[in-house]
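Now for the letters of each chain:
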Amino acid sequence: MKVILQQDVRGQGKKGQMIEVAEGYARNYLLPRKLAVPATADAMNTMRLQEKAKKAEMERQKAAAQAAAEQLKGAVVKIAAKAGGNGKLFGAVTAKEISDALMSQHGIELAKNKIVMEEPIKSFGTYELKAKLGFEISGTVYVVVSEEK
């Protein structure tokens, strides 16, 4: 019997996949638990439409990531921080501070978890950080940390 999976089923397949299973397995396990629906013409058409919509959404997200990478190219984020002697900061500049500064200074919304930092910034200077935007697209964020006056 052919069924279309509504959820991932271990050992059978992923959500949205059409599979061939024994009739008893489908009737006694998959269908009553709403894990699958029979592969009728309507169900197959719905499955195709969902795949098409999913593909369009992925393309839209990829285009948004490309646009974000283009915006980041010319953006330089300036952050003022309090410091003690010999150029050391009190505390550190974190990815959240950089994300907030990007939003306020350039209007670019970038989640803090997309900014790649090996460790927080603890001294003055200019830094070049990588931003992973998804779909194997990455951008560069330039950060200038200066002394707060």
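Residues numbered from 1 in each chain as written. Predicted model: local features only at pLDDT ≥ 70, side-chain atom pairs only at ≥ 80, totals over all residues. Heavy atoms only, no water.

**Student:** What's the story with the sheet that holds strand S3 (residues 36–38) in this structure? I'm lost.
**Tutor:** Strands belonging to one sheet form pairs held by backbone hydrogen bonds; the direction of such a pair is parallel or antiparallel. Pairing within the open sheet is antiparallel, and its three strands lie in the order S2-S1-S3. The two strands at the open ends of the sheet, each matched to only one other strand, are strand S2 (18–20) and S3. Mean inter-strand twist for the sheet, computed between neighbouring axes without regard to direction, equals 40°. Here three bridges tie strand S1 (residues 2–5) to S3, and the two strands are oriented antiparallel to one another. Bridging from a neighbouring strand, Ile 4 pairs with Val 37 of S3. Here helix H2 (residues 41–73) sits on the sheet in contact with S1, S2 and S3, set at roughly 35° to S1. (Pairing = 2+ DSSP bridges. Helix = DSSP H or I, 4+ residues; strand = E, 2+ residues; numbered from the N terminus. Axes fitted to C-alpha atoms, helices over the stretch in contact; angles between N-to-C directions. Contact = heavy atoms within 4.5 Å.)

**Student:** Can you walk me through the side chain of Ser 99 in this structure?
**Tutor:** Within the element layout of this structure, Ser 99 appears in helix H3 (residues 95–106). Polar side-chain contacts of Ser 99 include one of 2.4 Å to the backbone oxygen of Leu 110. With sequence-adjacent residues up to four places away left out, Ser 99 is seen in contact with Leu 110, Ala 111, Lys 112 and Ile 115. (Polar contact = N/O pair within 3.5 Å; in protein donor to acceptor, adjacent residues only side chain to side chain.)

**Student:** Please clarify how the packing of aromatic side chains should be interpreted in this entry.
**Tutor:** The geometry of two aromatic rings is summed up by the distance between their centres and the angle between their planes. Summed over all chains, the structure comprises one aromatic pair. Taking the centre distance of 5.5 Å and the plane angle of 15° together, the rings of Tyr 25 and Tyr 29 count as stacked. Within this pair, Tyr 25 and its partner Tyr 29 are both found in helix H1 (residues 23–30), separated by four residues, close to a single helical turn. Residue Tyr 29 is classed as partly exposed on the basis of its relative accessible area, which comes to 33%. (Phe/Tyr/Trp six-rings, centres within 6.5 Å; stacked < 30°, edge-to-face > 60°. Buried < 20%, exposed > 50% of the residue type's maximum accessible area, 1.4 Å probe, protein only.)

**Student:** Hey, could you run me through the nonpolar core in this one?
**Tutor:** Inside soluble globular proteins, nonpolar side chains tend to come together where they are buried. Leu 72, Ile 98, Leu 102, Leu 110, Leu 133, Val 141 and Val 143 are the most contacted members of the largest nonpolar core, which totals 26 residues. Counting residues per element, the ones that place at least two in this core are H2, strand S4 (76–81), strand S5 (88–93), H3, strand S8 (125–134) and strand S9 (137–147). For Leu 102, the contacting residues outside a window of four places in its chain are Leu 72, Ala 75, Val 77, Gly 107, Ile 108, Leu 110 and Val 141. Core analysis: the next-biggest nonpolar cluster, separate from the first, contains nine residues, Leu 5, Ile 19, Ala 26 and Leu 35 among them. (Core = buried A, V, L, I, M, F, W, Y, C linked by side-chain atoms within 4.5 Å.)

**Student:** Is there a simple way to think about H2 in this case?
**Tutor:** Every α-helical turn comprises 3.6 residues, leaving residues that sit three or four positions apart pointing alike. For H2, built from 33 residues, the straight-helix expectation of 48 Å at 1.5 Å per residue is met to within 8% by its first-to-last C-alpha distance of 49 Å. By the burial criterion, the buried members of H2 are Ala 43, Met 47, Ala 65, Ala 68, Ala 69 and Leu 72. Packing partners of the buried residues in H2 comprise S1, S2, S3, H3, S8 and S9. (Expected span 1.5 Å × (residues − 1).)

**Student:** Honestly, the layout of surface pockets in this entry has me stumped. Any pointers?
**Tutor:** Using a probe with the size of a water molecule, rolled over the atoms, empty space left in the structure can be pinpointed. Computed from the structure, the largest pocket encloses a volume of approximately 340 Å³. Lining the largest pocket are 14 residues; nearest its centre among them are Lys 15, Gly 16, Met 47, Gln 50 and Glu 51. Of all the secondary structure elements, the ones that give two or more residues to the lining of the largest pocket are S1 and H2. Considering each element in turn, the lining of the largest pocket owes the most residues, six residues, to H2. By residue class, the composition of the lining of the largest pocket is five nonpolar, four polar and five charged. (1 Å grid on protein atoms, 1.4 Å probe; cavity = no way out; pocket = protein on both sides within 12 Å on 5 of 7 lines; lining within 4 Å. Points joined across faces, edges and corners; volume = space filled by probe spheres on them. Nonpolar A, V, L, I, M, F, W, Y, C, P; charged D, E, K, R; others polar.)

**Student:** What's the story with the sheet that holds strand S6 (residues 115–116) in this structure? I'm lost.
**Tutor:** In space, the four strands of this open sheet follow the order S4-S9-S8-S6, with mixed pairing throughout. Of all strands in the sheet, those bounded by a partner on one side alone are S4 and S6. Sheet topology places S8 next to S9; nine bridges connect them, and they run antiparallel. Each bridged residue has a counterpart across the sheet, and for Tyr 127 the counterpart in S9 is Val 143. Each of S8 and S9 touches H2; the most contacted strand, S9, lies at about 35° to it. In the packing of H3 onto the sheet, the strands contacted are S4, S6, S8 and S9, and the crossing angle to S4 comes to about 120°.

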